[in-house]
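Residue-level listing of the chains:
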Amino acid sequence: MNRVIKRPDWEVAQVVRRFGNAFTTQHKMPARHWQTLWALRDCRTALLGGHIEYCGECRSIQRISYNSCRNRHCPKCGGLERELWIQAREEELLPVPYQHIVFTIPQELNMWCRYNDAFCYDLLFKAAWQTLRTFAADPRYLGAQLGATMMLHSWGQNLSLHPHVHCIVPAGGLTAKQGWKKPRRKAGFLFPVKAMSKVFKAIYLKDLMRAWNGNKLKVPPDAPLTKAEKTAWRRQRYNQAWVVYAKAPFRTPKTVVEYLGRYTHKVAISNHRITDIGDQHVRFRYKDYRQNGKQKIMQLKGTEFLRRFCLHILPQGFRRMRHYGILSNARKTEALAAARQCLGVDSPERRTRAERKAQLLEQYFPDRPKTCTHCGCIDSIRQFRFAPGGTARPPPLIIGERGK
């Protein structure tokens, strides 16, 4: 049975409609930011067009559906894409435990992310994967080729900038002879997190300083300028504890899929978290992890809410979900087949994207009734598409249309 989700009382689109003009007047922002805001504002409205279902006999309107903006930052879009992505990953699961590891950069680098978001986020992926690959290659821990699925999140619960990547890692890897090797650690965790933190920090800072010294980055206003200041800043970052967090392994492959469903295609804030939109302020729920995830209410000015939301609009074409190692697109077909053969399980039947989509549409959108709810005529429902900005009303009656 499909779970019924209550429609939220408030939406990010309403915040944009109410405070968008004031925000764009007060703040300078790149074109991709205002393009995203206007897309969210117009999502599922007549401005984007849509279609109506009407009765061919009495011309009564049965249903109006407006087009989605399909922007990946929109809280209302992405449901179908998320389900398709989850089903594809479900077919790739192995009958082994899976580890959830989170790599986070310290808040002192947030300003660098604001001015060099594509570089800093790419480097976050790179440093996280190199760290995992380094420990996987060590015979003391695994001594095999690892795989990982990574997802970038740039936000905290209060919409502040908090870049981190979630990594889903199978417990084991392929050897050079295509055999499956289990990890040596018996505590359930793949690698020691304190050691991973040091390696992750070293890799990230090395590439960051190389790009900085090579004048390849936009330098934030408060960044150190002289050589001595840079050296002191780098020493402070090296002496700082970087957070690498490893959760307990997933119990079953099913829990991996459920987890992926919560974290993939997620946006900075969902519409369900917004509790009120006033003349000047926006109120929303958030979890305070400093108090064991206690639910609280935060109130922000409307323009401040949009400023924080825009912090998480990704660069054009940036991929925030990536696959590495034996789970990479170039290797996973052969690697997963070899792993399943070693583990003694059969490969699941692979379906095309079109087949998955057809199944989901049939599941969530079954055949609609063809009987008019107004006049009771059977098989009289017609569909008419209208262009963006058009009027949602039935087309003029065409001679001979009745009774079709």
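Up top is the structure.
Attention in this report is confined to the structure presented alongside it. (Residues numbered from 1 in each chain as written. Predicted model: local features only at pLDDT ≥ 70, side-chain atom pairs only at ≥ 80, totals over all residues. Heavy atoms only, no water.)

Quick notes on helix α9 (residues 302–310)
Our working definition: Relative accessible area decides the class of each residue, using a 1.4 Å probe on protein chains only: under 20% of the type maximum gives buried, over 50% gives exposed, and in between gives partly exposed. Secondary structure elements are taken from DSSP: a helix is a run of H or I of four residues or more, a strand is a run of E of two residues or more, and numbering for both begins at the N terminus. Note on contacts: a residue pair qualifies if any of its non-hydrogen atoms lie within 4.5 Å across the two residues.
Of all nine residues in α9, seven are buried, a share of seventy percent or more. Along α9, the residues classified as buried are Gly302, Thr303, Phe305, Leu306, Arg308, Phe309 and Cys310. Against the buried residues of α9 lie α1 (12–26), α2 (31–42), β9 (274–277), β10 (281–288) and β11 (294–301).

Overview of the packing of aromatic side chains
Stated formally: Ring pairs are drawn from Phe, Tyr and Trp, using the six-membered ring of Trp, whenever the two centres fall within 6.5 Å, and their geometry is named by plane angle: stacked under 30 degrees, edge-to-face over 60, tilted for the rest. Definition used: whenever NZ (Lys) or CZ (Arg) falls within 6 Å of the ring centre and also within 35 degrees of the ring normal, the charge is taken to sit over that ring.
Overall, the coordinates contain 15 aromatic pairs when judged by the stated rule. Considering the side-chain rings of Tyr66 and Phe386, the 6.0 Å spacing of their centres and the 85 degrees angle between planes classify their relative orientation as edge-to-face. Of this pair, Tyr66 sits in strand β2 (residues 61–66) while Phe386 sits in strand β13 (residues 381–386), and the two are 320 residues apart along the sequence. One aromatic cluster in this structure is built from Phe103, Phe200, Tyr204 and Trp242. Between the NZ or CZ atom of Arg89 and the centre of the ring of Trp85, over which it lies, the distance is 5.0 Å. Sitting over the face of the ring of Phe125, Arg322 holds its NZ or CZ atom 4.2 Å from the ring centroid.

Section: the sheet that holds strand β1 (residues 50–55)
Condition: Strands are labelled as partners when DSSP assigns at least two bridges between them. Every angle, taken between N-to-C directions, lies between 0 and 180 degrees, and every axis is a line fitted to C-alpha atoms, over only the stretch in contact when it is a helix.
A sheet is described by the order of its strands in space; here three strands give the open sequence β2-β1-β13, paired in antiparallel fashion. In the strand order of this sheet, the two ends are held by β2 and β13, each with one partner. Sheet twist, expressed as the average angle between the axes of neighbouring strands with direction ignored, equals 15 degrees. Where β1 lies against β2, five bridges are found, and the strand directions are antiparallel. Directly across from Gly50, in β2, lies its bridge partner Tyr66.

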